[in-house]
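Here is how the chains run, residue by residue.
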Amino acid sequence: MDSAPKTHSFTAIAFAENFPLRDLALSYPDARRSPREIRYPLRDGSCYLYPFGAIVFRNVPEDVANAEVDRLRKLQPRLTAPAVKEQFTVMEEPGAPAGVSEGVLRVDRLGPDRAGIVALTVAQSAAMEYYERIVTQMFERTAALVERLERVGTVSVRTRPLHRFIGEAIATRSEVFTVLALLDKPDETWEDRTMDRIYADLRAEFDLGDRYVALELKLRSVQESLELVLGVARERRLVLLEVAILLLFVLELVLPALRLR
């Protein structure tokens, strides 16, 4: 029996667009399908598709992976360039205790279920990084609006851009929560204590819990700040409207007096 260690390479690619698994499943008739993923073998390895716009390759040569992305692009013509690419290594060594050390997961054996948990976690981390970039940009845009409010004491009376920005923030928040809902413990971990430890170690390695909390706080801060700025803009418009009404009233009183002269 071969007891030599074996290295497994996981490469996750995250896109801005989500994947409609129900539609894509028709193009992968031999794949293992579930509401969470599409999984199929691919030249000495495996490929995993996730609804939140991530694809993961396990032990797949780069040229084969690129061809598979091109295939996916033909199925999804609106697919943009990859937003995030993340890699992770698993060392399979008989008799080795399970755990993450120096950025590498070591296990005594890596079956399909364990490989699926690793693929899912790496995919979630890549998707998380994409959303972190988006939310950071939104946070910076919001900070610029608040800084102007602090410096000038008011904001532009144009509320339509603010409405669009608030809508974008709400949509992003909903999408993030949909993706991160998949952080719930996979069913496979309940039947394998080692797999349960693997999942816990992977979550800690990718810092998924703390990153989720940070995203939630930033999104909440963005939404509250935008609502504040929008409120100031509306109040300014009301003041301008009241001034305009007052001027019209004054003109209505003054014009007749001028005519009498």
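Residues numbered from 1 in each chain as written. Predicted model: local features only at pLDDT ≥ 70, side-chain atom pairs only at ≥ 80, totals over all residues. Heavy atoms only, no water.

A closer look at a nonpolar patch on the surface
Item 1. Residues Y212, V213 and L217 make up a contiguous nonpolar surface patch of about 260 Å² in total accessible area.
Item 2. Structurally, the position occupied by V213 is in helix 6 (residues 208–260). (Patch = residues over 30% accessible without salt bridge, like charges linked within 9 Å, V, L, I, M, F, W, Y side chains within 5 Å. Areas by Shrake-Rupley, 256 points an atom, 1.4 Å probe, with all protein chains shown as cover. Salt bridge = Lys/Arg side-chain N within 4 Å of Asp/Glu carboxyl O. Helix = DSSP H or I, 4+ residues; strand = E, 2+ residues; numbered from the N terminus.)

As for the side chain of R58
Item 1. Structurally, R58 can be placed in strand 5 (residues 54–58).
Item 2. One buried charged residue, R58, forms no salt bridge at all, with the nearest opposite charge on E92 at 6.8 Å.
Item 3. Residue contacts for R58: discarding those within four places in its chain leaves H8, S9, F10, G45, S46, Y48 and A115. (Buried < 20%, exposed > 50% of the residue type's maximum accessible area, 1.4 Å probe, protein only. Lys, Arg positive; Asp, Glu negative; His and termini not counted. Contact = heavy atoms within 4.5 Å.)

Side note on empty space enclosed by the protein
Item 1. Tallying each qualifying case throughout the model produces 1 cavity of 30 Å³ or more.
Item 2. Looking at the largest cavity, its volume works out to about 40 Å³.
Item 3. As for the largest cavity, its lining consists of A14, F15, A16, N18, F52, G53, A127, Y130, Y131 and E175.
Item 4. Here the lining of the largest cavity gets 3 residues from one element, more than from any other, and that element is helix 3 (residues 112–152).
Item 5. Among the residues making up the lining of the largest cavity, the classes are represented as 7 nonpolar, 2 polar and 1 charged. (1 Å grid on protein atoms, 1.4 Å probe; cavity = no way out; pocket = protein on both sides within 12 Å on 5 of 7 lines; lining within 4 Å. Points joined across faces, edges and corners; volume = space filled by probe spheres on them. Nonpolar A, V, L, I, M, F, W, Y, C, P; charged D, E, K, R; others polar.)

With respect to the side chain of E37
Item 1. Within the element layout of this structure, E37 appears in the loop between strand 2 (32–33) and strand 3 (38–42).
Item 2. On the accessibility criterion, E37 (3% relative accessible area) is buried.
Item 3. Within polar-contact distance, the side chain of E37 engages the side chain of R39 at 2.7 Å.
Item 4. In terms of polar contacts, E37 uses its side chain to reach the side chain of Y50, at 3.4 Å.
Item 5. When residues no more than four places from it in sequence are discounted, the contact partners of E37 are L21, R32, Y48, L49 and Y50. (Polar contact = N/O pair within 3.5 Å; in protein donor to acceptor, adjacent residues only side chain to side chain.)

Focus: helix 5 (residues 193–206)
Item 1. Taking 1.5 Å per residue as the helical rise, helix 5 with its 14 residues ought to reach 20 Å, and the 20 Å between its terminal C-alpha atoms agrees with that figure.
Item 2. By the burial criterion, the buried members of helix 5 are T194, M195, I198, Y199, L202 and F206. Around the axis of helix 5, the buried residues are gathered within 140 degrees of arc, so they sit on the same side. The exposed set on the far side of helix 5, more than 90 degrees from its buried face, consists of R193 and A204. (Expected span 1.5 Å × (residues − 1). Arc of directions from axis to C-beta.)

Section: the pairing of strand 3
Note on strand geometry: in a regular strand, side chains alternate between the two faces of the sheet.
Item 1. Of all 5 residues that make up strand 3, 4 are buried, and the element is covered over most of its length.
Item 2. Alignment of strand 2 against strand 3, held across 2 bridges, turns out to be antiparallel. Across the sheet, R32 pairs through a bridge with R39, a residue of strand 3.
Item 3. Where strand 2 folds back onto strand 3 in an antiparallel hairpin, the turn is made up of 4 residues.
Item 4. Bridging between strand 3 and strand 4 (residues 45–50) involves 5 bridges; their strand directions are antiparallel. The residue bridging Y40 from the neighbouring strand is C47, located in strand 4.
Item 5. Where strand 3 hands over to strand 4, the hairpin turn is made up of 2 residues, of which R43 adopts a positive phi near 40 degrees. (Pairing = 2+ DSSP bridges.)

Comments concerning the packing of aromatic side chains
Item 1. Considering all chains together, one arrives at 5 aromatic pairs under this definition.
Item 2. Both rings, one in F88 and one in F206, keep their centres 5.2 Å apart while their planes meet at 55 degrees; by these two values the pair is tilted. Of this pair, F88 sits in strand 6 (residues 84–92) while F206 is found in helix 5, placing the two residues 118 residues apart along the sequence. In this pair, the class of F88 matches that of F206, namely buried.
Item 3. Here the guanidinium or amino end of K218 rests over the ring plane of F139, the centre of that ring lying 5.5 Å away. (Phe/Tyr/Trp six-rings, centres within 6.5 Å; stacked < 30°, edge-to-face > 60°. Lys NZ or Arg CZ within 6 Å of the ring centre and 35° of its normal.)

That is the geometry; function is a separate question.
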